[in-house]
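# Structure assessment
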Amino acid sequence: MALLRSVLSGFLWLAALPVVLGSLAALGGPWHWSLLLATHFRPQMALAALLLGLFALPLRQHWTAAVLALCLLANGWPLATAWQAKAAIHPAAVGQPLRVVAYNVYYGNDRIESLAPELLALDADLILLTEVLPRQAPLIEALTAAYPYHALPGAAGSQGEALFSRLPLGETVRRRATESASLWIVQAEFAGQPLELLLGHPLPATNGHLDEVHRRWFAAATEALAELPPDRLRLVMGDLNATPWSSRLAALLDAGALRWTGDGLGTWPSNLPRWLSLPIDQVLVSPGFAVTAARIVTWPGSDHRALVVDLRLPMQE
């Protein structure tokens, strides 16, 4: 029995070590890109800490259980904070409807021919695509024919982002956070009110250079939101390569008084179960909107899933 307990205790420590190290790394996320990556995996680390902590108790590994409890707290607190910033779903909300779609089509997508009918079937009012390439011209042409308004270079078939809209679009401003990623600010009109769209695809912070690209995009978005009147309707959309509980997206939500949509389960990579993948594709909404539904759609050809969000704007009396 003593031998079995020793073996199980050894297994416990081997399993707990990555959770402890990952939790410590996540605490240092704001200071280095390699630590920032750990912040995206807080739900997985919190669940592992809880299960391993419960496993430690009958083995009388009280110190191990205490360390795992601290890991649970270190990951659970940012998760709870992020969950408070999640948009509540109000299926019965009334008002002017708006359906928006954010989708990374993937630069290597070889199923473009079948994608246009799928996107058109959603009957969305706004579609933002990222990783658009010239060879995806059939998709661009189909959406251009179906939507009266379009903006961003990708809408003409060049690499980047592409926006297709039923809403009248006004001025488009490009704030180039770096040479590798742009923040697009597009003025639109919805239900007789101005609507500000902040769009982009900051690259994932997987090395020092890309971390600077990622950081500067979020800094530019925060600055742009601060310039808007507090009551201005606004949407932030795109493959942001950030989860709601990562430090940069959490700071953007707070600075812009925004709420994230979705269910917290992953959009990338699409070949993993959603509870193992990461919710890095975002539609962030201002408080003026009510969210009536949010769902994830998976299509073959891309390593991302699409985020489809239904909004309502209560009518002004």
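Check the entry above for the structure.
Given the structure is predicted, the values throughout are model-derived calculations rather than measurements.

Our next topic: helix α6 (residues 137-146). Three or more residues of α6 are buried, namely Leu139, Ile140 and Leu143. Taken end-on, α6 shows its buried residues confined to a sector of 95°, consistent with a single buried face. Residues of α6 that are exposed and point over 90 degrees away from its buried face: Glu141 and Ala145. On its buried face, α6 is in contact with α5 (112-121), β2 (126-132) and β4 (160-165).

A separate point is a nonpolar patch on the surface. Together, Leu47, Leu50, Leu51, Leu54 and Leu57 make up a nonpolar patch on the protein surface, roughly 460 Å² of accessible area in all. Its location among the elements puts Leu50 in helix α3 (residues 42-56). Take Leu50: its relative accessible area is 39%, and that puts it in the partly exposed class.

Let us now look at the sheet that holds strand β12 (residues 306-313). The strand order across the open sheet formed by six strands is β3-β4-β2-β1-β12-β11, and the pairing between neighbours is mixed. This sheet does not close on itself; its edge strands, each paired only once, are β3 (149-151) and β11 (290-297). The sheet shows a mean angle of 15° between the axes of neighbouring strands, taken without regard to direction. Bridge count between β2 and β4: five bridges; the pairing is antiparallel. Bridge assignment links Leu129 to a residue of β4, and that residue is Ala162.

Inspection of the entire model under this criterion finds eight salt bridges. As a salt-bridge pair, Asp125 and Arg166 come within 3.7 Å of each other at their nearest N and O atoms. Of this pair, Asp125 sits in the loop between α5 and β2 while Arg166 sits in the loop between β4 and β5 (169-176), and the two are 41 residues apart along the sequence. In this structure, Glu227 engages Arg175 in a salt bridge whose closest nitrogen and oxygen atoms are separated by 2.6 Å. You can see Glu227 sitting in the loop between α7 (208-226) and β8 (233-239) and its partner Arg175 sitting in strand β5, a full 52 residues away along the chain. Beyond isolated ion pairs, a larger network of salt bridges with shared partners links Asp123, Asp125 and Arg166.

Okay, the pairing of strand β7 (residues 193-200) next. Of all eight residues that make up β7, six are buried, and the element is covered over most of its length. Here strand β6 (residues 182-190) pairs with β7 via eight bridges, running antiparallel. Within β7, the residue paired with Ile185 across the bridge is Leu198. Where β6 hands over to β7, the hairpin turn is made up of two residues, of which Ala191 adopts a positive phi near 55°. The pairing of β7 with β8 spans five bridges and is parallel.

Scanning the entire structure with this criterion turns up one cavity of 30 Å³ or more. For the lining of the largest cavity, the per-class residue count stands at six nonpolar, five polar and three charged.

The N-to-C vectors of α3 and helix α4 (residues 62-84) enclose an angle of 155°; their axes lie 8 Å apart at closest approach. In terms of axis orientation, α3 runs roughly antiparallel to α4. Relative to α4, α3 is oriented so that their crossing is left-handed. Across the interface between the two elements, Arg42, Pro43, Met45, Ala46, Ala49, Leu50, Leu52, Gly53 and Ala56 from α3 touch Thr64, Ala65, Leu68, Cys71, Leu72, Ala74, Asn75, Pro78 and Leu79 from α4. By residue class, the composition of the contact of α3 with α4 is 14 nonpolar, three polar and one charged.

Relative to the helices and strands, Thr292 resides in strand β11. In this structure Thr292 touches Ile89, His90, Pro91, Ala93, Asp310, Leu311 and Arg312, once residues within four positions along its chain are discounted.

Before going further, it helps to spend a moment on α4. Between its first and last C-alpha, α4 extends 32 Å over 23 residues, near the 33 Å set by a 1.5 Å rise per residue. Along its length, α4 shows its largest kink, about 25°, at Gly76, and proline Pro78 lies within four residues downstream of that point. Regarding α4, the residues found buried are Thr64, Ala65, Leu68, Cys71, Asn75, Pro78, Leu79 and Ala82.

Read from one edge of the open sheet, six strands run β5-β6-β7-β8-β10-β9, paired in mixed fashion. A single partner strand is all that each edge strand has here, and the edge strands are β5 and β9 (259-260). Note that β9 and strand β10 (residues 281-285) share two bridges and pair antiparallel. Within β10, the position partnered with Trp260 by the bridge is Leu284. Of the strands in this sheet, β5, β6, β7 and β8 are in contact with α7, which crosses β6 at around 30°.

Conventions used here
- Residues numbered from 1 in each chain as written.
- Predicted model: local features only at pLDDT ≥ 70, side-chain atom pairs only at ≥ 80, totals over all residues.
- Heavy atoms only, no water.
- Buried < 20%, exposed > 50% of the residue type's maximum accessible area, 1.4 Å probe, protein only.
- Helix = DSSP H or I, 4+ residues; strand = E, 2+ residues; numbered from the N terminus.
- Arc of directions from axis to C-beta.
- Contact = heavy atoms within 4.5 Å.
- Patch = residues over 30% accessible without salt bridge, like charges linked within 9 Å, V, L, I, M, F, W, Y side chains within 5 Å.
- Areas by Shrake-Rupley, 256 points an atom, 1.4 Å probe, with all protein chains shown as cover.
- Salt bridge = Lys/Arg side-chain N within 4 Å of Asp/Glu carboxyl O.
- Pairing = 2+ DSSP bridges.
- Axes fitted to C-alpha atoms, helices over the stretch in contact; angles between N-to-C directions.
- 1 Å grid on protein atoms, 1.4 Å probe; cavity = no way out; pocket = protein on both sides within 12 Å on 5 of 7 lines; lining within 4 Å.
- Points joined across faces, edges and corners; volume = space filled by probe spheres on them.
- Nonpolar A, V, L, I, M, F, W, Y, C, P; charged D, E, K, R; others polar.
- Parallel < 35°, antiparallel > 145°, perpendicular 65-115°, else oblique.
- Left-handed = near helix turned anticlockwise from the far one by under 90°.
- Expected span 1.5 Å × (residues − 1).
- Bend = angle between axes of the 7 residues up to and from the residue.

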